[in-house]
Amino acid sequence: MQNSLFPPSTSSLMATKKPQKTLAEFEDIILRKIFLISLTDSIQTDPKIIYLEMTAAEILSEGRPLVLTRDLLERILIDRLSGQFPNADPPFSYLVGCYRRGYEEGKKVGSIKDQNLRLEIESVIKQAKKLAVSYCRIHLGNPDMFPNWDNSTNKKTSPLLNLIFSEVSSSLDGFGGSSIGGGVSCPPGFLEEFFRDSDLDSLEPILKGLYEDLRASVLKVSALGNFQQPLRVLRILVGIPICAKGLVNHRWWIPRTTYGNGRVIEMMSILGHFFHVSALPDHSNFKSEPDVGLQCFSESSTRRPADLLSSFTTIRTVMNNLYDGLTEVLLTLLKSTDTRENVLEYLAEMIKRNSSRSHIQVDPLSCASSGMFVNLSAVMLRLCEPFLDQNLTKRDKIDPKYVFYNARLDLRELTALHASSEEVTAWVDKDNSVKPDEFRHKTDEENRVLQSQETTSSGSNSGIFVLSKAKPLSSCTGMPKYPFICECFFMTARILNLGLLKAFSDFRNLVQDLSRFEETLSTFKAMEGQGASPQLEQDIARLEKKIELYTQEKLCYEAQILRDDFLNFMIMFMASPSYVRNPYLRAKMVEVLNCWMPHKSASPATASLFEGHQFSLEYLVRNLLKLYVDIEFTGSHTQFYDKFNIRHNIAELLEYLWQVPSHRNMWRQIAREEEKGVYLNFLNFLINDSIFLLDESLKKIHELKEMEAEMSNSAEWERIPAQERQERTRRFHSQENIIRNDMKLANEDVGMLAFTSEQITAPFLLPEMVERVANMLNYFLSQLVGPQRKALSLKDPEKYEFRPKQLLKQIVDIYVHLARGDKENIFPAAISKDGRSYDEQLFAAAVDVLRKIGEDGRVIQEFVELGAKAKISASEAMDAEAALGDIPDEFLDPIQYTLMKDPVILPSSRTTVDRSNIERHLLNDNSDPFNRSHLTQDMLIPDVELKARIEEFIKSQELKSMGK
């Protein structure tokens, strides 16, 4: 009857349709597919399906059908993991495979139309996946639980770690090399579920091995190795709260060993291995692979610049990736109250155990590597970025008392960057003046440990101050707690000192050593042409090998340390006495920049650093000029000599930058904007140095010639006692070195005056400067072409860097450059006004020499015209002086005893002087010359009444003269 209700074709179709499977049948089929097990001994198409014969017998004995159900699942899974079966995967691989198959089956469930059935099947799959994950945790935490399986492979690397590696692999890891992970892959959702429903107790043994294996994966890996994959794993793990806790509770978070020095914490701590990744050279015992210097910079002198630039770019890219990754790791840990304290403790331990890195000589076996501390410097600077905004909105969070009273670091014996001994003593005394009763009423946050303080200083103006050890008062208990911003600020400052600044110093020493080796090699090769001995050939080969190694190391330093952050750091702080008062510390930054000049570095990357870096283009010249001025007073007893060496480095940089159009344009802009400010001070000290150095050199040449004459008289020389001869010989060679050094610096300074005056003349011609410049030029001219010039003749002047022809040419160039820019015709008068050195015949004598050495005819003509103008000015000045007659003393400047043109009153001594003379004095010394009280240009008081009387006097004398 029922069949008659349907057409014949439909009835036939229904007769052949298979009956719908029950839930139990579905459950059995899916669980067999997921766990690859069977309870029946039928022929299996998949050889990995395991027949659990014993389990099946037990189920039959219980009167149950041989089907897989949820309530039998755990029992069956334990039997599968505990038994020994051919061709079967080991426990971890098997369980992960179960999860993966569960995931695949779950994707098929959506095709089931029966909603109730679909929900039941989804529940079965979910339970199966959860059980697989649970037993993964059990197995990893207790690897001996299933003893029938060979676990030897698990002792090499955690299988869980390999699974995580597969999640973060990339074709770029290790520059296209093989990824870590052994070819396994992680099923979607497995890791999330593995860590989601766990507690620290159950995960701790798993995380212990996981982090140890992760640490080992970056052991002695260089910047060119595959550190990026392990770093991504670390970033994933610290993002999981329970894994972050496991990390900071790990025994290798901060190694507690008997020899807990800085190198130990680097090579044994989990983070230490990541911070060790670097391009910088390290001690041979800890050398990383691949060798960055060998791979990127071998035979650099014959390499194409594009190849070297590509290597620089590669290293900077991977190091920035390292910095960004480690910054993210620390930030993640710092954001959680459960792990923040552990991070601060780690950083503090790193600082304390490596405090000796600040010493001149550092033991590489007991201190962490420069690579680690440069990396740490970069990461800490990134951590500081959020609270070092331009407006310093978080400044109140940085408490200076942290230096004395924090419980984490002992900073009391360190040099103060921005404080004199008197300032620190006053500050400490003020803080220690709190009485015990007042102290007891303070809150916990204000409860500072009061300490006595002994101070020592190497000079009150130097900014060098040692915070000596202090003893806390017995009445004080507890230590204050400081916010993270405060701790981060001071830790970063300390790490920069131990890391970045120390690396700069090491780099400078490396460059100096390399330069010495190259000079020695040049000498050896010159000797080689005179007949080489086998020993000489060996020495040359040894030096060439050493130079190649040092060159590779130098380029590695440049590749890692030359990036925007570090260059910005040096440019900003080297001219910021408000942040770093000690000029020696700022001068070290210039030394590093000096080493990076393209002609010294021989690296194409350094040219782009100076010539294409926006911050450099805007501030480098400006800040070098400021430091040139600041270095006049270092506060040290050796400041007079130190300033010349420091200014030498600055001058070399400035000379290079002048040749770069963008820097030269900025230089000219600064000269316009700061004509009466820093640029005038710079020019004044440049002239001071030129006069002193050239004058000293010329005087010592006279002395040297006398000593030469004495030593050349053999008979008289032999009569002198041997010890005295030895002393005189030593003094002779000492004089030679002094002359050579002074002449080199003098040539540099005069050269700078020559090339800058060609395009910048206005500051030279200011009233307070023009006579000074003229006097200098006249003096040098008299020395070079005057009657005493023959006394300067030397057998080998080049040996002493003495080049009189070149020097004369530069002096004449300065004369001519200033004459070209002299629109108001004041320069000739300033030349002729010099009563000490000016002589019109010197111009004629100089012209004769210029023609002999082939100077440009136009320059000679302009110089002749200037001499003629000076002669006319001298004549006019004599006429004017005669016309004035006797000048009343009240009209004469008390400094120069010349008629005042613009009298001003000094506010403290109430003395009246001519403005140009006092302004010239103030360029060197901001004090009243009559009582040494503080004085600046803006404090000068115009003496209007006296000026009017002087002008009236001049007019009256001129009228008298005309009447005659």
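Only a predicted model underlies this, so the values are computations on that prediction, with no experimental measurement involved.

Conventions used here
- The residue numbers shown here count from 1 along each chain, following its written sequence.
- Since the coordinates come from a predicted model, pLDDT governs what is reported: local features require at least 70, and pairs of side-chain atoms require 80 or more to be given and counted, while whole-chain, interface and lining totals use all residues.
- Each side-chain value is worked out from all heavy atoms of the structure, with water and hydrogens disregarded.
- Secondary structure follows DSSP: runs of H or I at least 4 residues long count as helices, runs of E at least 2 residues long count as strands, and numbering of each begins at the N terminus.
- To sort residues, take the accessible area from a 1.4 Å probe on protein chains only and compare it with the maximum for the residue type: under 20% means buried, over 50% means exposed, and anything in between is partly exposed.
- Any two residues having at least one pair of non-hydrogen atoms within 4.5 Å are treated as being in contact.
- Calculation of accessible area relied on Shrake-Rupley with a 1.4 Å probe; when residues are assessed, cover is drawn exclusively from the protein chains displayed.
- Between N-to-C directions, angles cover 0 to 180 degrees, with each direction set by a line fitted to C-alpha atoms, over the stretch in contact for helices.
- Every angle not falling under 35 degrees, over 145, or within 65 to 115 is termed oblique; those three ranges are roughly parallel, roughly antiparallel and roughly perpendicular.
- For this classification, the nonpolar set comprises Ala, Val, Leu, Ile, Met, Phe, Trp, Tyr, Cys and Pro, the charged set comprises Asp, Glu, Lys and Arg, and every other residue, Gly included, is treated as polar.
- In this text, buried Ala, Val, Leu, Ile, Met, Phe, Trp, Tyr and Cys residues form a nonpolar core when linked through side-chain atoms within 4.5 Å.
- Residues adjacent in sequence count toward polar contacts only when both atoms are side-chain atoms; beyond that, a polar contact is any pair of N or O atoms within 3.5 Å, and within protein one must be able to donate a hydrogen and the other to accept it.
- Aromatic pairing here means that ring centres of Phe, Tyr or Trp (its six-membered ring) are within 6.5 Å. Orientation follows from the plane angle: under 30 degrees is stacked, over 60 is edge-to-face, and everything else is tilted.
- Basic side-chain nitrogens of Lys or Arg form a salt bridge, by our definition, when they fall within 4 Å of a carboxyl oxygen of Asp or Glu.
- By convention, the crossing between two helices is left-handed when the near helix turns anticlockwise from the far helix through less than a right angle, and right-handed when the turn is clockwise.
- Just so you know, the count uses Lys and Arg for positive and Asp and Glu for negative, and it drops His and the chain ends.
- In short, DSSP must find at least two bridges between two strands for them to pair.
- Values of pLDDT, the confidence the predictor places in each residue, fall between 0 and 100.
- Patches in this entry comprise residues that are over 30% relatively accessible and not in a salt bridge; like charges within 9 Å are linked, as are nonpolar side chains (Val, Leu, Ile, Met, Phe, Trp, Tyr) within 5 Å.

A. Region of the structure containing the overall build of the chain. Across its full length, the chain holds 40 helices and seven strands. Per-residue burial for the chain yields a buried fraction of 49% across its 964 residues. When contacts within the chain are restricted to residue pairs at least 6 apart in sequence, those whose partners lie at least 24 apart make up 73%. Summed over all atoms, the accessible surface of the chain reaches about 47600 Å², with 52% contributed by carbon and sulfur.

B. Summary view of the packing of helix α10 (residues 228-238) against helix α11 (residues 241-248). It is at 6 Å that the axes of α10 and α11 come closest, and there the two elements cross at 110 degrees. Judged by the inter-axis angle, α10 sits roughly perpendicular to α11. Where α10 approaches α11, its residues Leu234, Leu237 and Val238 are matched on the opposing element by Cys243, Ala244 and Leu247. When the residues that make up the contact of α10 with α11 are grouped by side-chain class, the tally is six nonpolar, no polar and no charged.

C. Main features of the nonpolar core. Ranked by size, the top nonpolar core spans 260 residues in total, and within it Leu160, Phe190, Trp596 and Trp667 carry the most contacts. For this core, the leading source of residues is helix α31 (residues 678-712), giving 14 residues. Ignoring any residue separated from it by four or fewer positions in sequence, one finds Trp596 in contact with Phe504, Phe507, Glu558, Ile561, Leu562, Met570, Ser601, Thr606, Leu609 and Phe610.

D. Local environment of the side chain of Asn747. Here Asn747 shows up in helix α33 (residues 722-757). Given the relative accessible area of 11%, Asn747 is considered buried. In this structure the side chain of Asn747 is engaged in a polar contact, spanning 2.7 Å, whose partner is the backbone oxygen of Glu801. Discounting residues that sit within four places of it in the chain, Asn747 has contacts with Glu801, Arg803, Leu807 and Gln810.

E. Structural view of the packing of aromatic side chains. According to the stated counting rule, one finds 29 aromatic pairs in the structure shown. With 6.2 Å between their ring centres and 90 degrees between their planes, Phe504 and Trp596 make a pair best called edge-to-face. Remark: Trp596 occurs in the loop between α25 (583-595) and α26 (598-601) and Phe504 occurs in helix α22 (residues 500-528); sequence separation between them is 92 residues. Residues Phe504 and Trp596 agree in their burial class; the two are buried. Pairing Phe610 with Tyr656 gives two aromatic rings, centres 5.6 Å apart and planes at 80 degrees, and the pair type is edge-to-face. Taken together, the positions of Phe610 in helix α27 (residues 604-611) and Tyr656 in helix α29 (residues 639-658) put the pair 46 residues apart, joining distant regions of the chain.

F. A look at the pattern of salt bridges. The final tally for this structure, using the stated rule, is 57 salt bridges. For Lys643, the salt bridge is made with Glu632, and the minimal N-O distance between the two is 3.1 Å. Pair noted here: Lys643 is in helix α29 and Glu632 is in the loop between α28 (614-630) and α29, with a separation of eleven residues, a long-range link. We note that Lys643, like Glu632, is buried. Here Glu801 makes a salt bridge to Arg803, at a shortest N to O gap of 2.8 Å. What makes Glu801 partly exposed here is its relative accessible area of 21%. Members of the salt-bridge network, linked through shared partners, are Lys676, Glu768, Asp902, Arg915 and Glu919.

G. Region of the structure containing unusual backbone geometry. For the bond from Glu289 to Pro290, the omega torsion is -5 degrees, close enough to zero to count as cis. Along the chain, the position of Pro290 falls in the loop between α13 (270-276) and α14 (292-297). Positive phi, normally seen in glycine, also occurs at Leu36, with a value near 50 degrees. By secondary structure assignment, the location of Leu36 is in the loop between α2 (23-35) and β1 (37-38). Since its relative accessible area comes to 10%, Leu36 is described here as buried. In this structure, Glu299 is a non-glycine residue whose phi angle is positive, near 50 degrees.

H. Expanded view of the packing of α33 against helix α35 (residues 804-821). Running from N to C, α33 and α35 cross one another at 30 degrees; their axes reach a closest spacing of 8 Å. In terms of orientation, α33 and α35 fall into the roughly parallel class. As for how α33 packs across α35, the hand of that crossing is left-handed. Note on element contacts: α35 touches α33 through Leu807, Gln810, Ile811, Ile814, His817 and Leu818, opposite Asn747, Val750, Gly751, Leu753, Ala754 and Ser757. Within the contact of α33 with α35, the residues separate by chemical class into seven nonpolar, five polar and no charged.

I. Expanded view of the side chain of Asp893. Relative to the helices and strands, Asp893 is located in the loop between α38 (857-884) and β5 (903-905). One buried charged residue, Asp893, remains without a salt bridge, the closest side chain of opposite sign being Arg920 at 7.5 Å. Among the polar contacts listed, one links the side chain of Asp893 to the backbone nitrogen of Gln896, at a separation of 2.6 Å. Excluding residues within four positions of it along the chain, Asp893 makes contact with Thr898, Met900, Val913, Asp914 and Asn917.

J. Up close: the environment of Leu31. Here Leu31 shows up in helix α2. The class for Leu31 is buried, based on a relative accessible area of 0%. When residues no more than four places from it in sequence are discounted, the contact partners of Leu31 are Leu36, Leu68, Thr69, Arg70, Leu73, Val124 and Ala128.

K. Here's a closer look at the sheet that holds β5. Across the sheet, three strands lie side by side as β6-β5-β7; this open sheet has antiparallel pairing. Whereas interior strands pair on both sides, the edge strands pair on one side only; in this sheet they are β6 (912-914) and β7 (941-942). Contacting β5, β6 and β7, helix α39 (residues 915-922) crosses the sheet at an angle of about 85 degrees to β6.

L. The confidence of the model for the chain, seen in detail. Mean pLDDT over the chain: 84, with 88% of residues reaching 70 or higher. Across the chain, the secondary-structure element scoring lowest on mean pLDDT is strand β3 (residues 455-457), at 27, and the one scoring highest is α13, at 96. A low-confidence stretch, residues 1-16 (pLDDT under 50), is modelled with two contacts involving residues beyond four sequence positions or located in other chains. Every residue in residues 434-477 scores below 50 in pLDDT, and together they form 101 contacts with partners more than four places removed in sequence or on other chains.

M. Representation of a nonpolar patch on the surface in the model. Taken together, the side chains of Leu388, Leu392, Phe489 and Tyr579 define a hydrophobic patch exposed on the protein surface, amounting to about 350 Å² of accessible area. Relative to the assigned elements, Leu388 resides in the loop between α17 (370-384) and α18 (402-405).

N. Examining the environment of Ser377 more closely. Its location among the elements puts Ser377 in helix α17. Measuring from C-alpha to C-alpha, the distance between Ser377 and Asn497 comes to 8.9 Å, with 120 residues separating the pair along the chain. The contact partners of Ser377, leaving out residues within four places of it in the chain, are Ile495, Leu496, Gly499 and Leu500. Here Phe373 takes part through its backbone oxygen, which lies 2.7 Å from a polar atom of the side chain of Ser377.

O. Structural view of the environment of Pro577. Among the structural elements, Pro577 can be located in the loop between α24 (564-573) and α25. Separated by 53 residues in sequence, Pro577 and Asp630 place their C-alpha atoms 8.3 Å apart.

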